[in-house]
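Structural characterization, general
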Amino acid sequence: MAVRTVNKRYEGLRTVRTKAIKGKGAWYWVHLEPILVRNPDTDDPKAVKLRCNLCEAVFSASNPSRTASEHLKRGTCPNFNSALRPSSSSSSLPPLSSPGSSHGNRKRFSSIGTSSLNNNYYHQHQHQHQHQHQHQHQHQHQHQQHQHLLLSGGKDDLGPLAMLEDSVKKLKSPKPLPPGPQLTKAQVDSALGLLTDWFYESYGSVSFTSLDHPKFKAFMSQVGLPEPSGSRQDFLSSRLDSMYEEAKMESEAKLRDAEFYQLVSDGWKVKTFGHGDEGLVKFLVNLPNGTTLFRKAFIPSGGTTMAVPPAYAEEIMWETVTGTCNAAKMCVGIVADKYKAKSLRNLEVRFHWMVNLSCQLQGVGSLIKDFSKELPLFKIVIDNCLKISSLFNNNSQARSILNKFWSQESRSSGWFGAAPFLYSENLQNMQSFQSIIAMLDSFLNCVRVLHLVVTDDSYKLVVMEDARGAEVAEMIQSMGFRNDVEAINSLIKVIRTMVEEIELERPLVGQCLPLWEDLRAKMKDWCVKFDVPEGVVEKIIERRFKKNYHPAWSTAFILDPVYLMRDTSGKYLPPFKCLTCEQEKDVDNLITRLVSREEAHAALMELMKWRSEGLDPLYAQAVQVKQRDPFTGKMKIANPHSSRLVWETILKEFTILGKIAVRLLFLHATSCGFKSNWSFMKWVWGQLQGQSRVGLERVHKMIFVAAHSKLKKREFGNEEEKEAALFSNDDDDMLNEVFVDAH
């Protein structure tokens, strides 16, 4: 901590001095320079001192202004006054004129064609000495004598003019930085390798033009690395190829060690919330040990996936399966975010061992679209809000009244700004429902102000001039307006919260039924709270549930020891009573489909045994142990892999059913593996413009390397949130102290 404090003090003083030299600080910083005093034993910095550049004396850095007053102003520094007079090296120059002859001197300069040069020297010289003598009245006369040179214009003046030109060049050009440390070839190669890793792991956020930036080149030189003159080509050729081969070999080795895998197909559909990777379809692989590997990126022609027909999507998926491993049966299923109706089902029919699922992130998120179309209250609230918004957007007088009351409300609450709800009057233009959410929030914030507006006397003129005024006033004053807006706003946020949780937790297929039951319970509470008929809401949810339902949901739910229920006899049995009759049939049908015809009967017999005997209570209780998640605060299963381990180690007598269980229980129900930021997608499409086959192959390699690095580090978090957390850390007390001292 002491070393950190000293370094921070030193950097703060350096910053102040740099600004002062540029003319934005105290005059004395030209002569005083902060230095670090190091411990001779450990080489750690132990103190910050000020060194006088004129006499090399060292002082305490606690009060720079006091040091300047005592050392420079009072004449303690022996070289301070001599620094203001001409040096011995310039003794051959003609004598300086008096202040009264300045006008005549400028004429004589122009007569020999050097007025521009000397005027530059005049301003530079004057600017430098003003900072040095702004508090030194006793040297004012001497400072004025240095402002002008008296030259005759003859041959004898050529030498002084050349010296003068060199001085001007030195003033204009900054001093070159000293060369950086000399590194060995091994150190240089290691540093460039780390730089390459960082470049690709940045996932397209850093452009190739950054490598040619002058300050980046200066930094490379300062730390002793070669200037990256050919870095762009190097990054795109040899280094990219080596990193790609290394990542591919590592990925292939992990895939060979796995007994089976699940293919993840993400990017066919733009996400309901936030930005999706439109135009870039990513294929990943989920392994039983919880590892996720990147396989490839598919970029449709035209840059959009909306035009890809289901049959073509099915072909691309199967090509990826056959290209991932020689044994196609190793792929036990696919989870995708769009083409579920035909493509995924067709692949299941063709290959009986596969379980192909649609992404639950899309299934739950699509409920908002369902409610907007089928729930009458939703449409009424949005229409009413758009009517109110239309009036205050298009009627200047109504807008003026609103702003008046809003400013009064803002001052009383300590928040300032214009009235917030300026939105499109066409619901179709509201993309991904983000605008709807913002609009509802705005109306809830403004509802009190809106009541004041429509009851004010000045609003009567709006009613007289605009036919919508009376309808809007009646709408705002009605008792149910606020309740209806809150209801729809709460409905959207309930679904939105569930979508965010699904994206964060990435549930397995066995968790799908409990997830939808949890959703039904929340929506039932919502209906009770806002007095909404439950029948319509249940119907909408049930329709969406059936569109997304897969028999694997029920089968995995029954086979997962986490959901075993203790009966009156003390046994832990699978929860068949939680299933409907149709879902029980789905379990039987799926199990018989996943095995050969010869094994079907034996598999059903083992299922009956599992249904009647269940799992030993000791192991069942161990599997169901929960602990609190430190990030979300929710209770979660302590060991997510324990369900599969039980089937592999304890329940060995279920030879056929066990094979089905270990394959089903590891399947993911979502296709969200990691996000591609907007800057990366922009970079990809920029690279693809007019690229050849070699260029396209290069882009795919870059995507593979970057994605492999992301997945390896499990960086699924939101980068914007990380940056917000970074900049919210305020630890600048020492730096503020430095600026106070300087002031």
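In short, a report on the structure.

Rules used throughout
- Residues numbered from 1 in each chain as written.
- Predicted model: local features only at pLDDT ≥ 70, side-chain atom pairs only at ≥ 80, totals over all residues.
- Heavy atoms only, no water.
- Phe/Tyr/Trp six-rings, centres within 6.5 Å; stacked < 30°, edge-to-face > 60°.
- Buried < 20%, exposed > 50% of the residue type's maximum accessible area, 1.4 Å probe, protein only.
- Helix = DSSP H or I, 4+ residues; strand = E, 2+ residues; numbered from the N terminus.
- Arc of directions from axis to C-beta.
- Contact = heavy atoms within 4.5 Å.
- Salt bridge = Lys/Arg side-chain N within 4 Å of Asp/Glu carboxyl O.
- Disulfide = S-S within 2.5 Å.
- Pairing = 2+ DSSP bridges.
- Axes fitted to C-alpha atoms, helices over the stretch in contact; angles between N-to-C directions.
- Patch = residues over 30% accessible without salt bridge, like charges linked within 9 Å, V, L, I, M, F, W, Y side chains within 5 Å.
- Areas by Shrake-Rupley, 256 points an atom, 1.4 Å probe, with all protein chains shown as cover.
- Lys, Arg positive; Asp, Glu negative; His and termini not counted.
- Charge placed at Lys NZ, Arg CZ, Asp CG, Glu CD.
- Polar contact = N/O pair within 3.5 Å; in protein donor to acceptor, adjacent residues only side chain to side chain.
- Core = buried A, V, L, I, M, F, W, Y, C linked by side-chain atoms within 4.5 Å.
- Parallel < 35°, antiparallel > 145°, perpendicular 65-115°, else oblique.
- Left-handed = near helix turned anticlockwise from the far one by under 90°.
- Nonpolar A, V, L, I, M, F, W, Y, C, P; charged D, E, K, R; others polar.

We now examine the packing of aromatic side chains. The tally for this structure, following the rule as stated, stands at 18 aromatic pairs. Ring geometry for Phe545 and Tyr549: centres 5.6 Å apart, planes at 35°, overall tilted. By relative accessible area, Phe545 is classed as buried at 6%. Between the aromatic rings of Phe557 and Tyr563, the centroid separation amounts to 4.9 Å while the plane-to-plane angle is 40°, which identifies the pairing as tilted. When sorted by exposure, Phe557 lands in the same class as Tyr563, which is buried.

The next point concerns helix H19 (residues 468-477). When we look at burial in H19, the residues that qualify are Gly469, Val472, Ala473, Met475 and Ile476. Down the axis of H19, the buried set is contained in an arc of 165°. They therefore lie on one face. Those residues of H19 that are buried are in contact with helix H15 (376-394), helix H17 (434-455), helix H18 (459-465) and helix H20 (480-505).

In this section: the pattern of salt bridges. Opposite charge on two side chains allows them to pair when their charged atoms are near. Evaluated as defined, the whole model comprises 25 salt bridges. Across the salt bridge formed by Asp457 and Lys460, the nearest N and O atoms sit 3.9 Å from each other. Here the two residues Asp457 and Lys460 agree in accessibility, since each one is exposed. A salt bridge links Lys636 to Asp629; its shortest N-O distance comes to 3.0 Å. By relative accessible area, Asp629 is classed as buried at 16%. Beyond isolated ion pairs, a larger network of salt bridges with shared partners links Glu33, Arg51 and Glu56.

Turning our eyes to something else, we now look at helix H23 (residues 551-559). With eight of nine residues buried, H23 lies mostly within the body of the structure. Among the residues of H23, those classed as buried are Ala552, Trp553, Ser554, Thr555, Ala556, Phe557, Ile558 and Leu559.

Structurally, Leu386 can be placed in helix H15. Since its relative accessible area comes to 9%, Leu386 is described here as buried. Separated by 53 residues in the primary sequence, Leu386 and Met439 place their C-alpha atoms 8.9 Å from one another.

Across all of its chains, the model carries zero disulfides by this definition. The closest cysteine sulfur to the non-disulfide-bonded Cys331 is located on Cys325, 9.6 Å from its own sulfur. The class of Cys331 is buried, set by a relative accessible area of 0%.

On to the sheet that holds strand S5 (residues 281-286), then. Whether parallel or antiparallel, the strands of a sheet pair through hydrogen bonds between backbone atoms. What the five strands build is an open sheet, ordered S6-S5-S4-S7-S8; its pairing is mixed. The open sheet has two free edges, formed respectively by strand S6 (292-298) and strand S8 (355-358), since each of these has just one partner strand. With strand direction ignored, the average angle separating the axes of adjacent strands in the sheet is 20°. As judged from the four bridges shared by strand S7 (residues 331-336) and S8, these two strands associate in the parallel manner. Directly across from Ala336, in S8, lies its bridge partner Ser358.

We now examine the pairing of S6. Of all seven residues in S6, six are buried, a share of seventy percent or more. For S5 and S6, the ladder comprises six bridges, and the chain directions are antiparallel. What sits directly across from Lys282, in S6, is Ala297.

Let's shift gears to a positive patch on the surface. Together, Lys19, Lys22, Lys24 and Lys215 give the surface a local cluster of positive charge. The element best represented in the positive patch is helix H1 (residues 2-24), accounting for three residues. Position of Lys215 among the secondary structure elements: in helix H8 (residues 214-222). Taking the relative accessible area as the measure of exposure, Lys215 reaches 66% and is therefore exposed.

Here we come to the side chain of Arg544. Its place among the elements puts Arg544 in helix H22 (residues 534-548). A distance of 2.8 Å separates the side chain of Arg544 from the side chain of Asp370, its partner in a polar contact. For Arg544, the contacting residues outside a window of four places in its chain are Gly363, Ser366, Leu367, Asp370 and Trp516.

Strand order in the open sheet made by the three strands is S1-S2-S3, with antiparallel pairing throughout. Taken across any chain shown, the strands that pair with only one partner, and hence form the sheet edges, are strand S1 (32-38) and strand S3 (58-60). Ignoring which end each strand starts from, the neighbouring axes of this sheet average 45° apart. Pairing analysis gives seven bridges linking S1 to strand S2 (residues 45-52), with the strands arranged antiparallel. In the strand pairing of S2, Leu36 is matched with Val48.

Soluble, globular proteins show a tendency: their nonpolar side chains are buried together. Counting residues in each nonpolar core, the largest one holds 127 residues, and the members touching the most others are Phe371, Leu375, Trp526, Trp610 and Trp647. With 12 residues, the top contributor of residues to this core is H17. Setting aside residues no more than four positions away along its own chain, Leu375 makes contact with Asp370, Ile488, Leu491, Trp526, Val536, Val537 and Ile540. Counting residues in each nonpolar core, the second largest holds 27 residues, with Val308, Cys331, Ala336 and Leu347 among its members.

Two numbers describe how H17 lies on H19: the axes approach to 9 Å, and their chain directions differ by 135°. As the angle between them shows, H17 and H19 are arranged oblique. Here H17 and H19 pass one another in a crossing that is left-handed. Residues Leu450, His451, Val454 and Thr455 of H17 touch H19, and the partners they reach there are Ala473, Ile476 and Gln477. The class makeup of the residues in the contact of H17 with H19 is four nonpolar, three polar and no charged.

Turning our attention to the side chain of Ser366. Take Ser366: it is sitting in the loop between helix H13 (360-365) and helix H14 (367-374). Looking at Ser366, the relative accessible area reads 11%, which means it is buried. From its side chain, Ser366 meets the backbone oxygen of Gln362 in a polar contact 2.6 Å long. Residue contacts for Ser366: discarding those within four places in its chain leaves Lys269 and Arg544.

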